[in-house]
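Listed below, chain by chain, are the residues.
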Amino acid sequence: MVKYAPRKVYIRESGGYVELSYTEFCRCRESDQTYMDKLFIPIQGCLLEVVREQYTDFYRDKERWRYLQKLDTRNSLLSLDGFTDSEGNPLDFIADEAADIAETVVNAVMVDRLKAALPLLSDSEQELIQAIFFDGLSEREVGARLGITQSVVNKRKARILRKLRKIIEN
């Protein structure tokens, strides 16, 4: 027994499909016993006759889906499909519990102070800080660019950072 009357029923005949209304299908099934042995799967509000293997695969997959849904419900799992906007983009509303708001605010204040302190450095000090922290170059790459060794770059960077720390803390 079906929960709803399908719009159409497609019966396999002569290597193709014949379209019947559901009422016609019910009449044929009452008058011809071979219709009782046919296997159907629902597709977009219609019934489609299929071979046993397709029928078995379809309902095995359907039962697997139901089982997984039941597990999800039992374990209180949420589908990420529900967390998208109207265009399918993921929503970013789950709070990051690892993020400390106070730390985030302090970091923002320190970044503002750092931006204010950078102009107080000499041009060569600003160039070194820019290359390492903003351009993402390694100390070795900065050294090659400036014609000095990596260890010299490291020492200069440490000295500049100490200088910045003193400026920011005052």
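Described in the following lines is the structure provided in the data block. The shown structure was predicted, so the numbers you read here are calculated from the model rather than taken from an experiment.

Digging into the nonpolar core
Proteins that are soluble and globular tend to have nonpolar side chains buried together.
Next, step 1: Judged by nonpolar contacts, A117, L118, L121, L128, I129, A131, I132, V142, V153, I160, L164 and I168 together constitute the single largest core of 12 residues.
Next, step 2: Mapped by element, the contributors of at least two residues to this core are α4 (123–134) and α6 (150–169).
Next, step 3: If near-sequence neighbours (up to four positions away) are discounted, L128 is found in contact with V142, L146, V153, R156, K157 and I160.
Next, step 4: By size, the runner-up hydrophobic cluster in this structure holds nine residues, among which are V9, F25, F40 and L47.

A word on the side chain of E49
Next, step 1: Summarising the element assignment, E49 is placed in strand β4 (residues 46–50).
Next, step 2: On the basis of relative accessible area, E49 is assigned to the buried category, the value being 9%.
Next, step 3: A polar side-chain atom of E49 sits 2.6 Å from the main-chain amide nitrogen of R12.
Next, step 4: Apart from the residues within four sequence positions on either side, E49 is in contact with Y10, I11, R12, Y17, K38, L39 and F40.

Describing a nonpolar patch on the surface
Next, step 1: Taken together, the side chains of I101, V105 and V109 present a nonpolar region at the surface, about 280 Å² in accessible area.
Next, step 2: Relative to the assigned elements, V105 resides in helix α3 (residues 101–117).
Next, step 3: Classification of V105 by relative accessible area gives partly exposed; the value is 47%.

Concerning the pattern of salt bridges
Opposite charge on two side chains permits pairing when their charged atoms draw close.
Next, step 1: On inspection of all chains with the given rule, the structure shows seven salt bridges.
Next, step 2: With a closest N to O distance of 2.4 Å, R60 and D57 form a salt bridge. Of this pair, R60 and D57 both sit in helix α2 (residues 52–74), three residues apart, which is roughly one turn of the helix.
Next, step 3: Relative accessible area serves as the criterion here: at 30%, D57 is assigned to the partly exposed category.
Next, step 4: Between E125 and R159 there is a salt bridge whose closest N-O contact spans 3.3 Å. Highlighted residues: E125 in helix α4 and R159 in helix α6, separated in sequence by 34 residues.
Next, step 5: Three or more residues joined by partner-sharing salt bridges are found here, namely E125, R159 and K163.

Regarding α6
Next, step 1: With 20 residues, α6 extends 28 Å between its outermost C-alpha atoms, agreeing within 8% with the 28 Å of an ideal straight helix rising 1.5 Å per residue.
Next, step 2: The secondary structure elements touched by the buried residues of α6 are α3, α4 and α5 (139–146).

Focus: the pairing of strand β3 (residues 39–43)
Across a regular strand the side chains alternate sides, sitting on one face of the sheet and then on the other.
Next, step 1: Relative to β4, β3 runs antiparallel, the two being bridged by five bridges. The residue of β4 that forms the bridge with F40 is E49.
Next, step 2: Here β3 folds back onto β4 in antiparallel fashion, the turn holding two residues, of which Q44 has a positive phi close to 50 degrees.

The rules behind each value
- Residues numbered from 1 in each chain as written.
- Predicted model: local features only at pLDDT ≥ 70, side-chain atom pairs only at ≥ 80, totals over all residues.
- Heavy atoms only, no water.
- Core = buried A, V, L, I, M, F, W, Y, C linked by side-chain atoms within 4.5 Å.
- Buried < 20%, exposed > 50% of the residue type's maximum accessible area, 1.4 Å probe, protein only.
- Helix = DSSP H or I, 4+ residues; strand = E, 2+ residues; numbered from the N terminus.
- Contact = heavy atoms within 4.5 Å.
- Polar contact = N/O pair within 3.5 Å; in protein donor to acceptor, adjacent residues only side chain to side chain.
- Patch = residues over 30% accessible without salt bridge, like charges linked within 9 Å, V, L, I, M, F, W, Y side chains within 5 Å.
- Areas by Shrake-Rupley, 256 points an atom, 1.4 Å probe, with all protein chains shown as cover.
- Salt bridge = Lys/Arg side-chain N within 4 Å of Asp/Glu carboxyl O.
- Expected span 1.5 Å × (residues − 1).
- Pairing = 2+ DSSP bridges.

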